[in-house]
Amino acid sequence: MSDYHLPGEPPVPLILRRSARARRISLRISSLDGRVTLTLPGRVPEAEALAFAEEKADWIRSHLANHAGLAPVRIGGGVPIEGQEVEILPGQGRAVRREEGRVWVPPNGAPKRLERYLRELARDRLVAASDFYAERLGRSYSRISLRDTRSRWGSCSAQGALMYSWRLILAPPAVLRYVAAHEVAHLAEMNHSQAFWDQVTRIHGPYEDARRWLRTEGNALHRYRFDVADDA
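Everything numeric in this text was worked out from a predicted model, so none of it was measured. Note that residues are indexed from 1 along each chain, following the sequence as it is written. With pLDDT at 70 or above as the cut-off, local features in this predicted model cover only qualifying residues; side-chain atom pairs require 80 or more to be listed or tallied, and sums for whole chains, interfaces and linings still use all residues. The basis for the side-chain values is all heavy atoms of the structure; hydrogens and waters are excluded.

Peer 1: I'm lost on the packing of helix H3 (residues 110-137) against helix H4 (residues 173-185) in this one. Help?
Peer 2: Angle between the axes and distance between the axes are the two parameters that describe a pair of packed helices. At their nearest, the axes of H3 and H4 sit 9 Å apart, and the two run at 45° to each other. Here H3 lies oblique to H4, going by the angle between them. H3 and H4 meet at a crossing whose hand is right-handed. When H3 is examined against H4, the residues Arg125, Leu126, Ala129, Ser130, Tyr133, Ala134 and Leu137 are found in contact with a partner set consisting of Leu176, Arg177, Ala180, Ala181, Val184 and Ala185. When the residues that make up the contact of H3 with H4 are grouped by side-chain class, the tally is 10 nonpolar, 1 polar and 2 charged. To obtain an axis, a line is fitted to C-alpha atoms, over the contacting stretch when the element is a helix, and the angle between two such axes runs from 0 to 180 degrees between their N-to-C directions. Here a helix means four or more residues in a row that DSSP labels H or I, a strand means two or more in a row labelled E, and each is numbered from the N terminus. Small angles under 35 degrees read as roughly parallel and large ones over 145 as roughly antiparallel, with 65 to 115 read as roughly perpendicular and the rest as oblique. Put simply, a crossing is left-handed when the front helix is turned counterclockwise from the back one by less than a right angle, and right-handed when it is turned clockwise. Throughout, a residue-residue contact means that at least one pair of heavy atoms, one from each residue, lies within 4.5 Å. Note on residue categories: nonpolar means Ala, Val, Leu, Ile, Met, Phe, Trp, Tyr, Cys or Pro, charged means Asp, Glu, Lys or Arg, and polar means any other residue, Gly included.

Peer 1: How should the packing of H3 against helix H5 (residues 194-204) be read in this particular structure?
Peer 2: Interaxial distance between H3 and H5 falls to 9 Å at its minimum, and their mutual angle equals 110°. Compared by their axis directions, H3 and H5 come out roughly perpendicular. Remark: the crossing between H3 and H5 carries right-handed chirality. Residues Tyr133, Arg136 and Leu137 of H3 lie in contact with H5, whose contacting residues are Gln199, Arg202, Ile203 and His204. Residues that form the contact of H3 with H5 fall into these classes: 3 nonpolar, 2 polar and 2 charged.

Peer 1: Got a minute to help me understand H5 in this structure?
Peer 2: Note: α-helices contain 3.6 residues per turn, so residues at a spacing of three or four share the same orientation. Where H5 is concerned, the buried positions are Phe196, Trp197, Gln199, Val200 and Ile203. Down the axis of H5, the buried set is contained in an arc of 150°. They therefore lie on one face. Looking at the buried residues of H5, the elements they touch are H3, H4 and helix H6 (208-217). Looking one or two residues beyond H5, the residue adopting positive phi is Gly205, at roughly 95°. Buried means the residue's accessible area, taken with a 1.4 Å probe over protein chains only, is under 20% of the maximum for its type, while exposed means over 50%, and partly exposed covers the values in between. This arc is built from the directions going out from the helix axis to the C-beta atoms.

Peer 1: What is the right way to read the sheet that holds strand E1 (residues 4-6) from this model?
Peer 2: Pairing between the strands of a sheet is mediated by backbone hydrogen bonds and can be parallel or antiparallel. Taking strand neighbours across the sheet as the criterion, the 4 strands line up as E1-E2-E4-E3 in an open arrangement whose pairing is mixed. The strands lining the two open edges of the sheet, one partner per strand, are E1 and strand E3 (26-29). Pairwise comparison of adjacent strand axes, ignoring direction, gives a mean angle of 35° for this sheet. Sheet analysis places E3 next to strand E4 (residues 36-41), joined by 4 bridges and oriented antiparallel. Opposite Arg28, over in E4, you have Thr37 as the bridge partner. Whether two strands pair comes down to DSSP finding at least two bridges between them.

Peer 1: Sorry if this is basic, but what is going on with the pattern of salt bridges here?
Peer 2: Side chains carrying opposite charge are able to pair once their charged atoms draw close together. Salt bridge, as applied in this entry: a Lys or Arg side-chain nitrogen positioned within 4 Å of an Asp or Glu carboxyl oxygen. Counting across every chain of the model gives 8 salt bridges. Among the salt bridges present, the one from Asp148 reaches Arg35, with a minimum N-O distance of 2.9 Å. Placement of the pair is Asp148 in the loop between strand E10 (143-147) and strand E11 (154-156) and Arg35 in the loop between E3 and E4, with a sequence separation of 113 residues. Assigned by exposure class, Asp148 and Arg35 land together as buried. Residue Arg98 pairs with Glu82 through a salt bridge whose shortest N-O separation is 3.1 Å. With Arg98 in strand E8 (residues 97-99) and Glu82 in the loop between strand E6 (78-81) and strand E7 (84-90), the pair connects residues that are 16 residues apart, well separated along the chain. On the basis of relative accessible area, Arg98 is assigned to the partly exposed category, the value being 26%. On the basis of relative accessible area, Glu82 is assigned to the buried category, the value being 18%. Because the salt bridges share partners, they merge into one network encompassing Arg35, Asp148 and Arg167.

Peer 1: Is there a simple way to explain the domain arrangement of the chain in this structure?
Peer 2: Where interface size is quoted, it is often the accessible area lost as the parts come together. Residue ranges assigned to each domain were obtained from an automatic or database domain assignment. As far as domains go, the chain holds domain 1 (4-66) and domain 2 (72-225). Domain 1 and domain 2 are separated by 29 Å when their C-alpha centres are compared. Counting residues at the interface gives 5 residues for domain 1, matched by 6 residues for domain 2. Summed over both partners, the accessible surface that disappears when two parts come together, traced with a 1.4 Å probe, is what is meant by buried area. When the two sides are added together, the surface that domain 1 and domain 2 hide from each other amounts to roughly 550 Å², 42% of it contributed by carbon and sulfur. One can count 1 salt bridge joining domain 1 with domain 2. Here the side of domain 1 that touches domain 2 is composed, by residue class, of 2 nonpolar, 1 polar and 2 charged.

Printed below as a string of structure tokens:
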């Protein structure tokens, strides 16, 4: 992911990706979270891709204006943390501090500071949950990584590597624990057979409510944008 922005007010973050298969510059706006991605062939200069985006600036901003529900994270706004809506307030010093219903974030670069805090919190919660369910299962995993994925909340590789979306920290704790149990169960069953779901039930217990929450509410977790300037 790049730190490029489309000039204007407000600036629009741009993601530049290179593809060996691409024959020309292409532009895509995600219908899920409004992210603007420029894909360019391997040898095309980045400056050319940025110039292409500037030519399409009106089109980009028009589509973003019609994209309902995006929630830029900034001082004075709010964000769910472990399923609870939290007010974002200006903090002092360098550390992020959280209490019931509030989180204090240093104003300078607040969105990214808060994202780093949430990623660290997500890792703590997911490591603890993965350890707990792996012990129940009687299997061990090789490592855990966190990403900002769009198509899945977690995965388990054949080598026992677990991957999770860090945005699970925005969901209720029961949902995060279910996803951890789901991926850990794949250490025993690399499929979604009845045997797999039996393992999920054995190490987690009933999971239908958490699974249903992800299906109905999960996409909303992608609304929150941490890659915008905090102008508060």
